[in-house]
Amino acid sequence: MIFQEILQNEINVIYGPEYGNKTGKVLIPAFLGDFRKVLENGEIGHSISEEYMTEDKKIHLILKGERRLGSKGYDMMITSCLCNDKELLSNEISIFPSIIG
């Protein structure tokens, strides 16, 4: 399961499947696109944390990650994802290519 699906499943639990799918299509690209920009501006190898909350305050998302120098350039890694105090990741994951298309 890719990160988008994990996050979408949690959004569906919170909002219900129908409204959750509609909401996730807007929230996931917005949150991850912003976090990618935060990582791009961060120092290499330093852990960065960013918090996001929906307007209705039903979702409180904390993304942690770091920018690393890899063999093909920079890797943007998500090392932790807390959604309403629930850890959604068991392993770190790269933002590219599977999350932002």
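One can find the structure itself at the top, above this paragraph.
Residues numbered from 1 in each chain as written. Predicted model: local features only at pLDDT ≥ 70, side-chain atom pairs only at ≥ 80, totals over all residues. Heavy atoms only, no water.

Participant: Explain the nonpolar core residue by residue, including any values.
Facilitator: In this structure, Phe3, Leu61, Leu63 and Ile78 are the most contacted members of the largest nonpolar core, which totals 22 residues. Per element, the largest residue contribution to this core is six residues, and it comes from helix α2 (residues 17-41). With residues up to four places along the chain from it excluded, the contact list for leucine 63 reads Phe3, Phe31, Leu32, Phe35, Ile48, Ser49, Glu50, Tyr52, Ile78, Ser80 and Cys81. (Core = buried A, V, L, I, M, F, W, Y, C linked by side-chain atoms within 4.5 Å. Buried < 20%, exposed > 50% of the residue type's maximum accessible area, 1.4 Å probe, protein only. Helix = DSSP H or I, 4+ residues; strand = E, 2+ residues; numbered from the N terminus. Contact = heavy atoms within 4.5 Å.)

Participant: Could you give an account of unusual backbone geometry, naming the residues involved and the relevant values?
Facilitator: Phi is positive for lysine 57, close to 65 degrees, though the residue is something other than glycine. The topology assignment puts lysine 57 in the loop between β1 (48-53) and β2 (60-70). Of the residues examined, lysine 57 reaches a relative accessible area of 63% and is grouped as exposed. Backbone geometry places aspartate 85, a non-glycine residue, at a positive phi of 70 degrees. Overall, the relative accessible area of 69% leaves aspartate 85 in the exposed class.

Participant: Hey, could you go over the packing of aromatic side chains for me, with residue numbers and the actual values?
Facilitator: Going through the model one piece at a time under the given rule, you end up with two aromatic pairs. Between tyrosine 15 and tyrosine 19, the ring centres sit 5.4 Å apart and the planes meet at 65 degrees, which makes this aromatic pair edge-to-face. Geometrically, the ring pair formed by phenylalanine 31 and tyrosine 52 is tilted, given 5.1 Å between the ring centres and 35 degrees between the ring planes. Remark: tyrosine 52 occurs in strand β1 and phenylalanine 31 occurs in helix α2; sequence separation between them is 21 residues. On the basis of relative accessibility, which here comes to 9%, the residue phenylalanine 31 falls in the buried class. Classification of tyrosine 52 by relative accessible area gives buried; the value is 9%. Just above the ring of tyrosine 74 sits the side chain of arginine 67; from NZ or CZ to the centre is 4.4 Å. (Phe/Tyr/Trp six-rings, centres within 6.5 Å; stacked < 30°, edge-to-face > 60°. Lys NZ or Arg CZ within 6 Å of the ring centre and 35° of its normal.)

Participant: Outline the pattern of salt bridges, listing residues and values.
Facilitator: For the coordinates displayed, the defined rule picks out four salt bridges. Between lysine 86 and glutamate 10 there is a salt bridge, with the nearest N and O atoms lying 3.2 Å from each other. With lysine 86 in strand β4 (residues 86-87) and glutamate 10 in helix α1 (residues 3-15), the pair connects residues that are 76 residues apart, well separated along the chain. Classification of glutamate 10 by relative accessible area gives buried; the value is 10%. Salt-bridge contacts for glutamate 92 lead to arginine 68; the nearest nitrogen and oxygen are separated by 2.7 Å. Placement of glutamate 92 in the loop between β4 and β5 (93-94) and of arginine 68 in strand β2 is noted, with a sequence separation of 24 residues between them. Of the residues examined, arginine 68 reaches a relative accessible area of 26% and is grouped as partly exposed. Residues joined in a network through salt bridges with shared partners are Glu66, Arg68 and Glu92. (Salt bridge = Lys/Arg side-chain N within 4 Å of Asp/Glu carboxyl O.)

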